[in-house]
Amino acid sequence: MAYKINADECIACGACADGCPVEAISAGDAYSIDASKCIDCGACADTCPVGAPKAE
Ligand code: SF4
Ligand code: SF4
């Protein structure tokens, strides 16, 4: 399993990418998670100010 960022909620602040231990998160108009790299640690969800990363 992997986390997924809800693009409609993401404000592209970058906090999740800075905290991801495996550099699975890419920048963009909305940030996105590479499911093949994500180790399901939940750090991005804990860090995000708007709750955009969701456990799948
Ligand atoms: Fe990175 Fe952890 Fe978020 Fe997966 S759950 S994208 S490993 S911070
Ligand atoms: Fe988007 Fe949340 Fe990541 Fe900021 S921390 S880039 S709002 S998903």
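Values in this document were obtained by computation on a predicted structure and should not be read as measured data.

(A) View of the overall build of the protein. The secondary structure content of the protein amounts to 2 helices and 4 strands. Across the protein, helices and strands are ordered from the amino to the carboxyl terminus as β-α-β-β-α-β. In terms of C-alpha radius of gyration, the protein reaches 9 Å, essentially the compact-globule figure of 10 Å for 56 residues. Dimensions along the principal axes, computed over C-alpha positions, put the protein at roughly 25 × 20 × 15 Å. Looking at the protein as a whole, 30% of its 56 residues qualify as buried.

(B) Spotlight on the site of ligand 2. By nearness alone, 14 residues border ligand 2, and Cys 10, Cys 13, Gly 14, Cys 16 and Cys 48 come closest of all. Its residues assigned to classes, the shell around ligand 2 comprises 13 nonpolar, 1 polar and no charged.

Calculation rules
Residues numbered from 1 in each chain as written. Chains lettered and ligands numbered in written order. Predicted model: local features only at pLDDT ≥ 70, side-chain atom pairs only at ≥ 80, totals over all residues. Heavy atoms only, no water. Helix = DSSP H or I, 4+ residues; strand = E, 2+ residues; numbered from the N terminus. Rg over C-alpha atoms; globule rule 2.2 N^0.38 Å. Buried < 20%, exposed > 50% of the residue type's maximum accessible area, 1.4 Å probe, protein only. Near = heavy atom within 4 Å. Nonpolar A, V, L, I, M, F, W, Y, C, P; charged D, E, K, R; others polar.

Function cannot be inferred from these measures alone, as they are strictly geometric.
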